[in-house]
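Here is how the chains run, residue by residue.
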2 protein chains.
Amino acid sequence: MTVQQGKIGLIAGGGDLPARLVDAAKASGRAVFVIALQGYCTAPETFGVPYQTIRLGAVAKILHHLKVQGCTDVVLAGKVQRPSFGSIRPDWRGAKILLKIGIRSLGDDGLLRLLAREFEQDGFKLTGAHEIMTDLVASEGVLGKISPDDQAWADARHGLAVARILGQADVGQGCIVQQGLVLGLEAIEGTDEMIRRSALYARPGVGGVLVKASKPQQDKRLDLPAIGVTTVEEAHKAGLRGIALLAGGTMIIDREAVLARAEELGMFVVGLKPTGGDDHEK
Amino acid sequence: MTVQQGKIGLIAGGGDLPARLVDAAKASGRAVFVIALQGYCTAPETFGVPYQTIRLGAVAKILHHLKVQGCTDVVLAGKVQRPSFGSIRPDWRGAKILLKIGIRSLGDDGLLRLLAREFEQDGFKLTGAHEIMTDLVASEGVLGKISPDDQAWADARHGLAVARILGQADVGQGCIVQQGLVLGLEAIEGTDEMIRRSALYARPGVGGVLVKASKPQQDKRLDLPAIGVTTVEEAHKAGLRGIALLAGGTMIIDREAVLARAEELGMFVVGLKPTGGDDHEK
């Protein structure tokens, strides 16, 4: 376990996750240095650890700072939406990655995987957010106090199968299912937008389930799909009955708050394994 | 070919296709009786053939009229969006179908396949719209006067692979790809809505391709995905460069007008085979 005790270089995008990770790392006695990605990570000064704001494209600069700071582990966490080419302004290492991508293979995860490989090439140990915060990843079973009914279980299993099939094509991490019918599929628009749209096509009063899953080939150290309190609230507004997560393959950011809010709103949150006996699953 | 000369019972949904089919059938000397689906098929009185307006759920009534009229072939054509349970008001045959669906297996096509089976059980020959109008189905190659560039070909192939993977889960019939990234996936919202949404996530000025494909297991006699002039115009408004269709598995409604409008707008329309050597295709 000694290697886990090295200094963490946290590459921080948007959302709540980076700040929570810093707290968890500090609580376990580990030193953290934050690379705050410009335009994504807001308020890194509130994290209470040293940080440097750098733009995403300046990969050589990021690596340089991590080395100077003596980081041994690198954690990528937080939201980084698709940057425009104009905003990337790559330095030479950034340009090297962009060249590798070429025109054909830029799936959702292609960019992240290449970025991670650069860190490893330079001797850093790529560490998953879930290795720092062990309660971050959804476990199996009914996670809150409310249980799905038979229809909702069936929709959850069907949605998980669909999401995993989607993931094979390196696209999307979620879908919404109502009475066996897929109302929405998540591509680049994000979960909240998919939820809002699906409300337009849902039958009123009969529920529906939001399903989130990682891709079958996904590197768990990179950008696992996540839900938070906002996700629960958006799902409720859209008339959904609950949320089903791939157990071991999705993150719940602020688990306690998520489950409390779900209970207040009468919604279930469950973790499912992909081999749940569903017809669609191999 | 004698069996092809029987009287056609056209179960007509919305859009232009039913009227065009009536014209094509008449032109080939075949008699047609139209079941105009209430709420979907507008202005059946303009078709110039006998018709009866009946609601979708009244399956026994539909079958009765087809028999009384002496129809031997049944063609399903036109848009039928997901009906609400309240609006179906099934008669006994309709209820039989709904019972078979159960709670788990209602994919996009589940309902149509079951409906088609009822027609066949009663001795009707299920005929595809493309068997009546042979130029309806997209052929392979560059269909208009404008050719895609390398990036657009790559996006078209990638999109076709993604759409086919999606189809395995009995979901969706389309997607939008820009520089290797899937901007949108079509579930229940329809192609036009997907196109409009994807414009919000596209990089400006670098194109993007709309891809439409039937599902691998799709019965070609039922509801093949279709594009028309409106699709071309929506795609152009969203900044897309062209449209790629699964050759042999999608319909172009009013082919001449579609290709003329595409040319005016500087857009390509191509037909692709699924085994085009793409990495994602088996």
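What you see is a predicted model; the values in this text were computed from it and never measured.

*Asks:* Can you break down the confidence of the model for chain A residue by residue, with the values?
*Replies:* When pLDDT is averaged across chain A, the result is 86; 88% of the residues are at 70 or more. When the criterion is pLDDT under 50, residues 276-282 of chain A qualifies, and its contacts beyond four places in sequence or with other chains add up to 13 contacts.

*Asks:* I'd love a proper account of the side chain of B:E234, names of residues and values included.
*Replies:* Residues and elements named next belong to chain B. By secondary structure assignment, the location of E234 is in helix α9 (residues 229-237). By relative accessible area, E234 is classed as buried at 11%. In this structure, E234 is in contact with D192, I195 and R196, ignoring residues within four places of it in sequence.

*Asks:* Talk me through the pattern of salt bridges; I want residue IDs and the actual numbers.
*Replies:* All told, the structure shown has 26 salt bridges over all chains when counted by the stated rule. Notably, a salt bridge pairs A:R241 with A:D149, separated by 2.9 Å at the nearest N-O pair. You can see A:R241 sitting in the loop between α9 (229-237) and β11 (242-246) and its partner A:D149 sitting in the loop between β6 (141-142) and α7 (150-168), a full 92 residues away along the chain. When its relative accessible area of 36% is taken as the criterion, A:D149 is described as partly exposed. Its salt-bridge partner being B:E193, residue B:R197 comes within 3.8 Å of it at the nearest N-O pair. On the criterion of helical spacing, the pair formed by B:R197 and B:E193 is a turn pair, its members being four residues apart in helix α8 (residues 191-198). Note on accessibility: B:R197 and B:E193 belong to one class, buried. Beyond isolated ion pairs, a larger network of salt bridges with shared partners links A:E120, A:D219 and A:R221.

*Asks:* For helix α10 (residues 255-264) of chain A, give the residues involved together with the corresponding values.
*Replies:* All names here are of chain A. Among the residues of α10, V258, L259 and A262 are the ones counted as buried. All buried residues of α10 lie within an arc of 90° about the axis, which places them on one face of the element. Facing away from the buried side of α10 by more than 90 degrees, the exposed set consists of E256 and E264. Where α10 is buried, its residues touch β10 (226-227), α9, β12 (251-252) and β13 (268-272).

*Asks:* So, the pairing of strand β13 (residues 268-272) of chain B: which residues are in play, and what are the values?
*Replies:* Every other side chain in a regular strand lies on the same face of the sheet, so the side chains alternate between the two faces. Residue and element names in this part refer to chain B. Among the five residues that make up β13, five are buried, leaving the element largely enclosed by the rest of the structure. Because side chains alternate across β13, one face comprises the buried residues F268, V270 and L272, and the other comprises V269 and G271, equally buried. When strand β11 (residues 242-246) meets β13, the two strands line up parallel, connected through five bridges. Across the sheet, residue I243 finds its bridge partner in β13, namely V269.

Criteria and cut-off values
- Residue positions are given per chain, counting from 1 as you read along its sequence in written order.
- Written order decides the labels, with chains lettered from A and ligands numbered from 1.
- Totals for whole chains, interfaces and linings use every residue, but because this is a predicted model, local features are given only for residues with pLDDT of at least 70 and side-chain atom pairs only at 80 or more, for both listing and counting.
- Processing note: side-chain calculations cover all non-hydrogen atoms of the structure and skip hydrogens and water entirely.
- Residue-level confidence of the predictor is what pLDDT reports, using numbers from 0 through 100.
- By definition in these notes, contact holds between two residues if any of their heavy atoms fall within 4.5 Å.
- Strands are runs of DSSP state E lasting at least 2 residues, helices are runs of H or I lasting at least 4, and numbering of each runs from the N terminus.
- Only protein chains enter the calculation, and the probe is 1.4 Å; a residue is then buried if its accessible area is under 20% of its type maximum, exposed if over 50%, and partly exposed in between.
- By convention in these notes, a salt bridge is any Lys or Arg side-chain nitrogen within 4 Å of a carboxyl oxygen on Asp or Glu.
- Think of the arc as the fan of directions from the helix axis to the C-beta atoms.
- Whether two strands pair comes down to DSSP finding at least two bridges between them.

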